[in-house]
Amino acid sequence: YKRQIQAMVKLAEYSRTATFAWSHERIPSLVTGSVAGTVDANFSSESSLELWSLLSPDAAKPTNSLTVDAKFNDLDWSEDNKTIAGALDNGVVELFSCTNSSLKSEASFKNHAKSAKTVRFNAKQSNILASGGTQGEIFIWDLSTCLKSPIGYKPLSPGASISSIDEVTSLSWNQCLAHVFASAGSSTYASIWDLKAKKEVIHLSYSSPVTGLKSQLSVVEWHPNNSTRVATATGSDNEPLILVWDL
């Protein structure tokens, strides 16, 4: 019996200090944004959004780029591949279109009091976006409305929380139920939200068996097929854990 091992092949390498998101096409494109809190190799403070193609004959050059007013904390690409959302360090949520390898800023919204930390598109409805920031801010955006009438648009709140929320750095939509999502960040718990109930419905927390202290749950992600299973990751170097919850 011989076991055949296939080596992984590097397709491309992009020399950027950036956050990124993939499109959902059969051969996906990659978009990168200058990440907040860093400087590039040239010590430039400029921020740019860049589009990359795995099929490009010159892998060192983006197929398109766009200068942006602030650096990015997060990027996400809608399921229908029409819109890219960016969470900017100046508190702006900016929406970009990508058509025929062309990038264009469609609208920007300054609703977060400080920094916008994360953005995530709904897995079932491409026009629905969630954003998270400092001071426990979570906003729900309807792109079918805010892109048509951006002036004066106000995003929705997911509703009442069980307890006060700190900085939100991770959001994840349920892959089966369009009205359910999860959030996590700098606090010692992750939250499950129900938009139909307009409130936080489940509070997840974990106490270390070693120290007895509650661990920070900094990242949350839903199972791709199971609507009642979610994973969280702790933010501690002393006790790094990935916890899987069956709700």
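Residues numbered from 1 in each chain as written. Predicted model: local features only at pLDDT ≥ 70, side-chain atom pairs only at ≥ 80, totals over all residues. Heavy atoms only, no water.

Peer 1: Please explain the sheet that holds strand 12 (residues 168-173) as it appears in this structure.
Peer 2: The pairing of strands in a sheet comes from backbone hydrogen bonds and takes either a parallel or an antiparallel form. Within the open sheet, the 4 strands sit side by side as 12-13-14-15. Their pairing is antiparallel. In this open sheet, the two strands that pair with only one neighbour each are strand 12 and strand 15 (199-205). Taking each pair of neighbouring strands and ignoring which way they run, the sheet shows an average axis angle of 25°. Relative to strand 13 (residues 180-185), strand 12 runs antiparallel, the two being bridged by 5 bridges. What sits directly across from Ser-170, in strand 13, is Ala-184. (Pairing = 2+ DSSP bridges. Helix = DSSP H or I, 4+ residues; strand = E, 2+ residues; numbered from the N terminus. Axes fitted to C-alpha atoms, helices over the stretch in contact; angles between N-to-C directions.)

Peer 1: Which parts of the structure should I look at to understand the packing of aromatic side chains?
Peer 2: Two aromatic rings are characterised by how far apart their centres lie and by the angle between their planes. Following the criterion strictly, the structure yields 8 aromatic pairs and no others. Ring geometry for Phe-139 versus Trp-141: centroids 6.4 Å apart, planes at 90°, classification edge-to-face. For the pair formed by Phe-139 and Trp-141, the shared burial category is buried. Considering the side-chain rings of Trp-173 and Phe-181, the 5.1 Å spacing of their centres and the 50° angle between planes classify their relative orientation as tilted. In this pair, the class of Trp-173 matches that of Phe-181, namely buried. Members of the aromatic cluster, connected to one another through ring pairs, are Phe-109, Phe-139, Trp-141 and Tyr-153. (Phe/Tyr/Trp six-rings, centres within 6.5 Å; stacked < 30°, edge-to-face > 60°. Buried < 20%, exposed > 50% of the residue type's maximum accessible area, 1.4 Å probe, protein only.)

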